[in-house]
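Descriptive analysis of the structure
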Amino acid sequence: MKKKVAAIISSVLLAGAVLAGCGGKTSASGNSGAGASSEAASSSVESAVSVKAASEEEKTVSQSAAEPETVSVASASTSESGNVVSAASSPQEAGTALADGIYMAKFDTDSSMFRVNDMDYGRGVLTVKNGKMSIHIRLVSQNIVNLFYGNKEDAQKEGAKLIDPTVETVDYGDGTTEDVNCFDVPVPALDQEFTVSLIGTHGNWYEHQVTVSDPVPAVQ
């Protein structure tokens, strides 16, 4: 009887030990699986964050490349000295009307022979009256006999209205003077080329492109 009881007790103890061992093994396996799952989840989150960051960076770069570079008006409108020049303080803009008055304006041509007198430094007297403009220029000699507002073909047509000269004396400041031809030329617009034809002492017509620009109020 005692042996039977001892055997039963031993069996119970063995079963308990086996069950304890299995429970410990299961717990360890469970902890290991949970740790692996946690590491996998963390890795997935990190990967997702990296992919999103790369996507956002690529999107930003693409937008920057697609957007045109913007240049401010102030930085584009600078004088030679580096100071900003506002539109309001800039010289007369092309095509805009001047108030009636007297101005000094640049008179540029495509010819070294057809030019204003050196004593006038490339300028003539621009008169604006009732919205119409004309510029008075003194030439370098009397070799140009007539001017015509337009091309040389029209200048030679019957009834063409030629611009006759007036004669003025230029003082060169070195004790010498010279009588030169002067003309009043119609100006259709500022800063825009227009055609003026001329005839010289040899009777030949020549056609030139003229530009009037940079009007400055004349000192009275």
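Only a predicted model underlies this, so the values are computations on that prediction, with no experimental measurement involved.

The rules behind the values
- Residues numbered from 1 in each chain as written.
- Predicted model: local features only at pLDDT ≥ 70, side-chain atom pairs only at ≥ 80, totals over all residues.
- Heavy atoms only, no water.
- Pairing = 2+ DSSP bridges.
- Helix = DSSP H or I, 4+ residues; strand = E, 2+ residues; numbered from the N terminus.
- Axes fitted to C-alpha atoms, helices over the stretch in contact; angles between N-to-C directions.
- 1 Å grid on protein atoms, 1.4 Å probe; cavity = no way out; pocket = protein on both sides within 12 Å on 5 of 7 lines; lining within 4 Å.
- Points joined across faces, edges and corners; volume = space filled by probe spheres on them.
- Salt bridge = Lys/Arg side-chain N within 4 Å of Asp/Glu carboxyl O.
- Buried < 20%, exposed > 50% of the residue type's maximum accessible area, 1.4 Å probe, protein only.
- Contact = heavy atoms within 4.5 Å.
- pLDDT = per-residue confidence, 0-100.
- Phe/Tyr/Trp six-rings, centres within 6.5 Å; stacked < 30°, edge-to-face > 60°.
- Core = buried A, V, L, I, M, F, W, Y, C linked by side-chain atoms within 4.5 Å.

A few words on the sheet that holds strand β7 (residues 194-200). One open sheet accounts for eight strands, arranged β4-β7-β8-β1-β2-β3-β6-β5; its pairing is antiparallel. Two strands in the sheet have a free side with no partner beyond their single neighbour: β4 (144-149) and β5 (166-171). Within this sheet the neighbouring strands show an average axis-to-axis angle of 40°, counted without direction. With five bridges joining them, strand β2 (residues 123-129) and strand β3 (residues 132-138) adopt antiparallel strand pairing. Directly across from L126, in β3, lies its bridge partner I135.

Within this model, the largest pocket holds a volume of roughly 320 Å³. What lines the largest pocket is a set of 16 residues, and nearest its centre among them are M113, N143, I144, L198 and G200. Mapped onto the lining of the largest pocket, the elements with two or more residues apiece are β7 and β8 (205-217).

The final tally for this structure, using the stated rule, is four salt bridges. The salt bridge partner of R115 is D118, with a shortest N-O separation of 3.6 Å. Among the residues examined, R115 registers a relative accessible area of 32% and is labelled partly exposed. A relative accessible area of 51% places D118 in the exposed class. The closest approach of N and O atoms between K157 and D154, which form a salt bridge, is 2.9 Å. The class of K157 is exposed, set by a relative accessible area of 51%.

On to the side chain of S213, then. The topology assignment puts S213 in strand β8. Dropping the residues within four chain positions of it, S213 is found in contact with A105, K106, D108 and D191.

Here we take up the confidence of the model for the chain. The predicted model of the chain has a mean per-residue pLDDT of 73, with 56% of residues at 70 or higher. In this model, residues 16-55 is a region of pLDDT below 50 whose contacts with residues beyond four sequence positions or in other chains number zero contacts. In this model residues 59-95 is a low-confidence stretch, pLDDT under 50, and it forms 22 contacts with partners more than four residues away in sequence or in other chains.

On to the packing of aromatic side chains. Throughout the structure, instances matching the rule amount to two aromatic pairs. For the ring pair F107 and F114, a centre distance of 5.9 Å and an interplane angle of 80° mean the geometry is edge-to-face. By relative accessible area, F107 is classed as buried at 4%. Look at F114 and you get buried, because its relative accessible area is 1%. Aromatic side chains Y149 and F194 sit 5.9 Å apart centroid to centroid with 50° between the ring planes, which places their arrangement in the tilted category. One end of the pair, Y149, is in strand β4; the other, F194, is in strand β7, with 45 residues separating them in the sequence. Under the relative-accessibility criterion, Y149 is labelled partly exposed at 37%.

Take the nonpolar core next. Counting residues in each nonpolar core, the largest one holds 24 residues, and the members touching the most others are F114, L126, I135, I137, L147 and V212. Elements with a contribution of two residues or more to this core: β1 (101-109), β2, β3, β4, β6 (177-187), β7 and β8. Not counting residues within four places of it along the chain, the set of residues in contact with L147 comprises F114, I137, L162, I163, F183, V185, V196, S197 and L198.

Here we come to the pairing of β8. Pairing geometry for β1 and β8, over six bridges, is antiparallel. Bridge pairing in β8 links K106 to S213. Looking at chain direction, β7 and β8 are connected through six bridges and run antiparallel. Bridge pairing links S197 to E207 in β8. Taking the residues that link successive antiparallel strands as the turn, the β7-β8 hairpin has four residues, and the phi of G203 there is positive, at about 80°.

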